[in-house]
Each structure stands twice: as C-alpha cells, then as structure tokens.
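The lines below spell out each chain.
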Amino acid sequence: MTETMRTPTRALFESLAKLYKQGQLLLMDSDRLMGERGWTPRHSNAIAELSYSMNAPQRWFARWAMRFYIPAATEEKEQSVDRMLFVSIHFASDVGSSMETSVDDPLVCAGRLIYEKPMTEKEAGQTYDYWMCKYWFIGKPHDTLGGWRKTGQSRWYENLKGSEAFAVPLYQITTSEKLKELVINPLLAVQEKEEGVT
C-alpha cells in the first residue's frame, strides 16, 4: 500500500480551511442560540476588510469574522433598537488596518454596542461598522462587569455612547453547549438583567 504524503503547504492550507469551517459552524450556532432568545442577525456577512493589494499580503486572508444582532421584530410593533449585540472570532492579528489587533491564540469576543437614543432598524444599520467587533482590544477594564472591557462615546457615530465586551479563547469552545455557557449566556445575562427579564 502506498502512503500519500501531504506537503507542508497542503497541510497548512487544509488547517486554515478547517479553522474557517469551524468558525462558520460556531457563528451559525451563535445565530441559532441568539435567535432562540429573541435576537436576529443584522446582516448575512461574516468577514470584512480583505485586501486585494499586492502590498498587503497579511490582509489577503480573513483575520476575523463576526455577527451583529438586533432584537427580532414582532408583528405588534416596529422594532426599537438601543443595543446591538455581537459575537466575533479573531483568528489572527490584524495589522495594517485602521484598528490593529494583536492575537496570539484565536479568541471569541462578544459584546454590545450601547446607543443613547432608540432607533429604527434602518437607522441602526447606519450607526455601526463591522470593525466595531474589535472594541474589546481597545477597551479599558469594566468597572462593574468582571472580565469585560468597555469603550466610551464613539467619535464616528454621535448616538453610540459606548461598548462592553469580553473574550474567551476559541479553543475552549468545543461544543454548542460550551458556546452557550461561555459566550451566549454571559452576553445575554447582562442584557436581560438590564431589561428586567428573568
């Protein structure tokens, strides 16, 4: 029997494809778990800020992927948005971008964007950007939420008064139950406590 040897390059690309596939499954699971608790994805995208430039090969591949969520709309009333939640995976450092990050081992970051005044869903879509899932990297330790970080008033969006986020090593999330326990439940517990949901 002849054994087929994988070249180092092939092994490298197979590992990258496997990592992205696991990331896709995690984010799809996040969509499902968030949906069960009344939150819907804001968009169908997962990645952003790839580069086509010959001079930026470090940005030819996805360094991070994200999902943003707003409260699910109901038939009774138009949805009012004063919070936008997110779950993101940071696979690698993001250098050469407007908001650089340093990642040694992949992280899952989750958090929320907090707005001063409630908005319609359409307005909410114009008051955030994909890179805001990186706010954990620039935040300062939160004064009341242990292990969380926070940012203050946005200089880009007047209505965005700040963010709160936390991070968990990606490799700790081995099952759907772990995603729920380590990411979704802590994220929604803060939101539901504020809303008085039990």
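The preceding data block contains the structure.
Residues numbered from 1 in each chain as written. Predicted model: local features only at pLDDT ≥ 70, side-chain atom pairs only at ≥ 80, totals over all residues. Heavy atoms only, no water.

Draft legend 1. Highlighting the side chain of R67. On the secondary structure map, R67 appears in strand β2 (residues 64-71). A polar contact of 2.8 Å, which involves the side chain of R67, links it to the backbone oxygen of H43. A polar contact of 2.8 Å, which involves the side chain of R67, links it to the backbone oxygen of N45. Excluding residues within four positions of it along the chain, R67 makes contact with L27, D31, P41, H43, S44, N45, L85, F86 and V87. (Helix = DSSP H or I, 4+ residues; strand = E, 2+ residues; numbered from the N terminus. Polar contact = N/O pair within 3.5 Å; in protein donor to acceptor, adjacent residues only side chain to side chain. Contact = heavy atoms within 4.5 Å.)

Draft legend 2. Spatial organisation of the packing of helix α1 (residues 8-36) against helix α4 (residues 176-195). The contact between α1 and α4 brings their axes to 10 Å, and the two run at 55 degrees. When the interaxial angle is binned, α1 and α4 end up oblique. Remark: the crossing between α1 and α4 carries right-handed chirality. Each of L26, D29, S30, R32, L33 and M34 in α1 lies in contact with α4, whose residues at this interface are S176, L179, K180, I184, L187 and L188. (Axes fitted to C-alpha atoms, helices over the stretch in contact; angles between N-to-C directions. Parallel < 35°, antiparallel > 145°, perpendicular 65-115°, else oblique. Left-handed = near helix turned anticlockwise from the far one by under 90°.)

Draft legend 3. Broad picture of the pairing of strand β4 (residues 107-119). In terms of burial, β4 is a largely internal element, ten of the 13 residues being buried. Sheet analysis places strand β3 (residues 81-90) next to β4, joined by nine bridges and oriented antiparallel. Across the sheet, residue V87 finds its bridge partner in β4, namely A110. Note that β4 and strand β7 (residues 160-169) share nine bridges and pair antiparallel. Pairing of C109 across the sheet is with A167, part of β7. (Buried < 20%, exposed > 50% of the residue type's maximum accessible area, 1.4 Å probe, protein only. Pairing = 2+ DSSP bridges.)

Draft legend 4. Structural detail: unusual backbone geometry. One non-glycine residue, E49, lies in the positive phi region at around 60 degrees. Topologically, E49 is positioned in the loop between β1 (39-41) and β2.

Draft legend 5. Examining the pattern of salt bridges more closely. What the rule picks out here adds up to 14 salt bridges. Residue E14 is joined to R10 by a salt bridge in which the shortest nitrogen-to-oxygen separation is 2.8 Å. Taken together, the residues E14 and R10, both in helix α1 and four residues apart, mark about one turn of the helix. On the accessibility criterion, R10 (46% relative accessible area) is partly exposed. The closest approach of N and O atoms between D94 and K134, which form a salt bridge, is 2.6 Å. Of this pair, D94 sits in the loop between β3 and β4 while K134 sits in the loop between α2 (121-124) and α3 (135-138), and the two are 40 residues apart along the sequence. (Salt bridge = Lys/Arg side-chain N within 4 Å of Asp/Glu carboxyl O.)

Read these as geometric descriptors, not functional statements.
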